[in-house]
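Topology and contacts: notes
Residue strings, one per chain:
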Amino acid sequence: MNTIAFFGCGNMGAPMARNLLKAGFTVRVFDLNPALTEPLATEGAIVTAAPSDTIAGADTVITMLPHDAAVLGLYINGENGLLDFLTADMLVIDCSTTSPECARKVSAAAHARNIAMIDAPVSGGVAGAAAGTLSFLCGGTADDVERARPFLSVMGKNIMHAGPAGAGAVAKICNNMLLAVHMIGTCEALQMGVDNGLDPVVLSDILLKSSGRNWSLELYNPWPGVMDNVPASRDYSGGFQVDLMNKDLGLAMEAALHSKSATPMGALAKQLYALHATHGNGKLDFSSILKILQP
Ligand code: NAD
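Residues numbered from 1 in each chain as written. Predicted model: local features only at pLDDT ≥ 70, side-chain atom pairs only at ≥ 80, totals over all residues. Heavy atoms only, no water.

**Side note on the overall build of the chain**
Inclusion rule: Here a strand is any run of E in DSSP of at least two residues, a helix any run of H or I of at least four, and the numbering for each starts at the N terminus. Radius of gyration here is computed from C-alpha atoms only, and the compact-globule reference equals 2.2 Å multiplied by the residue count raised to the power 0.38. Contact between two residues is taken to exist if any of their heavy atoms lie within 4.5 Å; hydrogens are not considered. Areas reported as accessible are Shrake-Rupley estimates using a 1.4 Å probe. Residue values count occlusion only from the protein chains shown. The charged-residue count follows a simple rule in which Lys and Arg add positive charge and Asp and Glu add negative charge, with His and chain termini not counted at all. Charged side chains are reduced to one point each, which is NZ for Lys, CZ for Arg, CG for Asp and CD for Glu.
Helix and strand counts for the chain stand at 12 helices and 9 strands. Compactness check: the chain gives a C-alpha radius of gyration of 19 Å against a globular reference of 19 Å for 295 residues, within 12% of the reference. Along the first, second and third principal axes, the C-alpha set of the chain runs to 65 × 45 × 35 Å. Taking the intrachain contacts of the chain between residues at least 6 apart in sequence as the baseline, contacts between residues at least 24 apart amount to 63%. Within the structure as shown, the chain displays about 13100 Å² of accessible surface, and the carbon and sulfur contribution to it stands at 58%. A gap of 2 Å separates the mean positions of the 18 positive and 26 negative side-chain charges of the chain.

Structure (structure tokens):
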């Protein structure tokens, strides 16, 4: 059975590592914050204190890190980059949301060492990570995606090949730009309905059965108390942070600039999320954007 070196055990990484453990893989975990890996030890993970220890005996590396700097810092860090310590024929799967350039850079450096690598950012949120129902948006060769499939299929239900290295990252930032836009639109509609005397539960139900139906409304209602088990019903904690959404919208705007694409809704969403973060909400779940519309 494969041994996986798993880096980044935050909101997403911890439940993903848990599903790999449940499937019987040996999982060696590392996070810069040791408090996040300790609970995984009771579920069978081997907790490690440094990356050199994490990769000992591993044939597969999975990363779930916050941003480009963390990914590049881990894999290609001058003379201490992890890629220099991996052996040829190992498989690297980066599930972090990064820029396409970051994904292509790590992929090129990995392939130069005969290490297989795919970018495989995810969609589905913390609930999807816990349930093992994530969607993986993969960039890389078809062969490398097939090699990754046994690992990805225990953490998710949709494994989609978007194209060559970096294509998973492109697909991911397109998705998250759309997610930001429909989350803000959902908040606007709910707030306007409540301001006009409607019950948010009743309005949510109506919208779900009407043409305003969307993922935010169906699975991630931003109005506190409308749905159980979503961040809005626990003070916007434990989900997808505003800071991370801002990062993704920044990546989307960079990509749009590069490709000369018109993204007026994405640009407005970026401005609203940036404003929300400056009000001290960066660590809250992204559905807290509702607050910006409230008195
Ligand atoms: P998080 O901040 O909860 O977790 C990231 C973890 O990585 C932190 O615990 C941090 O300590 C750790 N880390 C940073 N650098 C490290 C390193 N060099 N070695 C080991 N650990 C390191 O973030 P998250 O919500 O789990 O998101 C992780 C990634 O998944 C991000 O790229 C995010 O954009 C993406 N994502 C998140 C969600 C979501 O709903 N939270 C959904 C889809 C995609």
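The rest of the description comes next.
**Observations concerning the domain arrangement of the chain**
Selection criterion: Segment limits for the domains were obtained from an automatic or database-derived domain assignment. We define buried area as the total accessible area lost by two parts upon association, computed with a 1.4 Å probe and summed across both.
For the chain, the assigned domains read domain 1 (3–165) and domain 2 (170–293). Each of domain 1 and domain 2 was reduced to a C-alpha centroid, and the two centroids are 27 Å apart. Opposite the 15 residues of domain 1 that make contact, domain 2 presents 13 residues. Each partner contributes to the roughly 1100 Å² buried at the junction of domain 1 and domain 2, and carbon and sulfur atoms together form 64% of this total. If you sort the residues of domain 1 by the area they bury against domain 2, Asn 11, Thr 97 and Pro 100 come out on top, with a joint share of 35%.

**Description of the nonpolar core**
Note the cut-off: For this analysis, a nonpolar core means a set of buried residues of the types Ala, Val, Leu, Ile, Met, Phe, Trp, Tyr and Cys, connected via side-chain atoms within 4.5 Å. Exposure categories follow from relative accessible area, calculated using a 1.4 Å probe and restricted to protein chains: below 20% of the type maximum is buried, above 50% is exposed, and the middle band is partly exposed.
By size, the foremost hydrophobic cluster in this structure holds 34 residues, and its most contacted members are Phe 6, Met 16, Ile 93, Phe 136 and Leu 152. Going through the elements one at a time, strand E1 (3–7), helix H1 (13–22), strand E2 (26–30), strand E5 (91–94), strand E6 (116–119), helix H6 (125–131), strand E8 (134–139) and helix H7 (142–155) are the ones with two or more residues in this core. Not counting the four nearest positions on each side in its chain, Ile 93 is found in contact with Thr 60, Val 61, Ile 62, Thr 63, Tyr 75, Ile 118, Ala 120, Ala 148, Phe 151 and Leu 152. Counting residues in each nonpolar core, the second largest holds 24 residues, with Leu 179, Cys 187, Leu 207 and Leu 217 among its members.

**Considering the environment of Asp 199**
With respect to the helices and strands, Asp 199 occurs in the loop between helix H8 (167–195) and helix H9 (200–208). The exposure class of Asp 199 is partly exposed, given its relative accessible area of 40%. Sequence separation between Asp 199 and Val 226 is 27 residues, and the spatial gap between their C-alpha atoms is 9.7 Å.

**Quick notes on the pairing of strand E9 (residues 156–163)**
Put simply, the rule is: DSSP-based pairing: two strands are paired if at least 2 bridges between them are found. The handedness rule is simple: strands pointing away from the viewer, and a clockwise path from the first strand over the helix to the second, make the crossover right-handed.
Sheet analysis places E8 next to E9, joined by 6 bridges and oriented parallel. Residue Phe 136 lies in a different strand from E9, and its bridge partner there is Ile 159. Handedness of the crossover is the feature at issue here: the chain leaves E8, passes through H7, returns alongside E9, and the resulting connection is right-handed.

**Some points on the pairing of strand E4 (residues 60–63)**
Burial along E4 is two-sided: the residues Thr 60 and Ile 62 and Val 61 and Thr 63 are all buried. With 4 bridges connecting them, E4 and E5 associate as parallel partners. When the bridges of E5 are listed, Val 61 appears paired with Val 92. Running through helix H4 (residues 68–75), the crossover from E4 to the neighbouring parallel element E5 is right-handed.

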